[in-house]
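Overview (structure and organization)
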Amino acid sequence: EVNVISVAIMIQRASAAIAPGHVIAISGFTGAQLTDSASTIVALLAVTNGNDGHNMFCAGTGTNSSQADWVPGSRSVQLTVCPGAKLEAGVEYRFSFEVVNPSLEQASPAVSIEMTGAQTIISAKVQRPSEQQSSDPLSGNGFLDPLFVVRKEFTIKKMGQSSPFL
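Reading guide: rules and limits
Residues numbered from 1 in each chain as written. Predicted model: local features only at pLDDT ≥ 70, side-chain atom pairs only at ≥ 80, totals over all residues. Heavy atoms only, no water. Core = buried A, V, L, I, M, F, W, Y, C linked by side-chain atoms within 4.5 Å. Buried < 20%, exposed > 50% of the residue type's maximum accessible area, 1.4 Å probe, protein only. Helix = DSSP H or I, 4+ residues; strand = E, 2+ residues; numbered from the N terminus. Contact = heavy atoms within 4.5 Å. Pairing = 2+ DSSP bridges. Phe/Tyr/Trp six-rings, centres within 6.5 Å; stacked < 30°, edge-to-face > 60°. pLDDT = per-residue confidence, 0-100.

Further remarks concern the nonpolar core. Of all hydrophobic cores here, the largest spans 30 residues; its most connected members are Phe29, Phe57, Leu79, Leu87 and Phe97. Of all elements in the fold, only β1 (2-10), β2 (23-27), β4 (57-58), β5 (67-71), β6 (76-81) and β7 (92-100) reach the threshold of two or more residues within this core. Considering every element that reaches this core, the biggest residue donor is β7, with 4 residues. When sequence neighbours within four positions are dropped, the list of residues in contact with Leu79 reads Ile9, His22, Val23, Ile24, Ile26, Leu44, Phe57, Ala68 and Phe95.

It is worth spelling out unusual backbone geometry at this point. Phi angles above zero are rare outside glycine, and Asn51 is one such case at about 55°. Looking at the element boundaries, Asn51 is found in the loop between β3 (41-43) and β4. When its relative accessible area of 43% is taken as the criterion, Asn51 is described as partly exposed. One non-glycine residue, Arg75, lies in positive phi territory at about 50°. Among the residues examined, Arg75 registers a relative accessible area of 28% and is labelled partly exposed.

It is worth spelling out the environment of Cys82 at this point. Checked against the element boundaries, Cys82 lands in the loop between β6 and β7. We classify Cys82 as buried; its relative accessible area is 4%. With 22 residues separating them along the chain, Cys82 and Gly60 place their C-alpha atoms 8.9 Å apart. Residues in contact with Cys82, not counting those within four places in the same chain, are Pro20, Asn55, Met56, Phe57, Cys58 and Ser65.

Attention shifts here to the pairing of β2. With respect to burial, β2 is a largely interior element, 5 of its 5 residues being buried. Residues of β2 alternate between two faces, with Val23, Ala25 and Ser27 on one and Ile24 and Ile26 on the opposite face, all of them buried. Strand direction decides the pairing type here: β2 and strand β8 (residues 112-116), joined by 5 bridges, are antiparallel. In the sheet register, Val23 faces β8, and the bridge partner there is Thr116.

Each aromatic ring pair is characterised by the separation of its centres together with the angle its planes make. Tallied over the entire structure, the rule returns 3 aromatic pairs. Taken together, the aromatic side chains of Phe29, Trp70 and Phe97 make up a single cluster linked through ring pairs.

Attention now goes to the pairing of β5. Every regular strand shows the same layout, with side chains that alternate between the two sheet faces. Burial along β5 is one-sided: Ala68 and Trp70 are buried, while Gln67, Asp69 and Val71, pointing the other way, are not. Both β3 and β5 contribute to a ladder of 3 bridges, which runs antiparallel. The residue of β5 that forms the bridge with Ala43 is Gln67. As judged from the 3 bridges shared by β5 and β6, these two strands associate in the antiparallel manner. If you follow Val71 over to β6, its bridge partner there is Ser76. The turn joining β5 and β6, which pair antiparallel and follow one another in sequence, is formed by 4 residues; a positive phi near 50° is taken by Arg75.

What follows concerns the confidence of the model for the protein chain. On average, residues of the protein chain score 83 in pLDDT, and 90% of them are at 70 or above. For the protein chain, helix α1 (residues 137-140) is the element with the lowest average pLDDT, namely 50, and β4 is the one with the highest, namely 95.

So, in structure tokens, the structure goes:
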């Protein structure tokens, strides 16, 4: 089943804008695959109020924005800041991308984020919706956490009849 992963990134306390060539790695997408399993390019999708986040990144050293690299072995997305782009400190950049869920049930895996380049940010755990204050019962039960997968099944399995007479 195709799953849309939503990402929000904000860099705090940077000494300068994050320049082209910096790589942000989001790792830990256990069990996920791309919709095209032969590809290593992730299409980044625009979201409402995303501050053009999907256009800030290119795959590898390329110049085509709205792309990232998928690293199958580590199940990670590598976001390279595009030539001509820069990430400003204190600005939230948002985008989404699609993966295919694992075929078996699983709890949401631990996902982490880090940045390498002239400025570095060490690996840090990504906060899941279930770890945030919310009145939404879906997020509180983990259903909105990335790659939390449950088996589809009927919750009610009963049957009866109104009359046994001929």
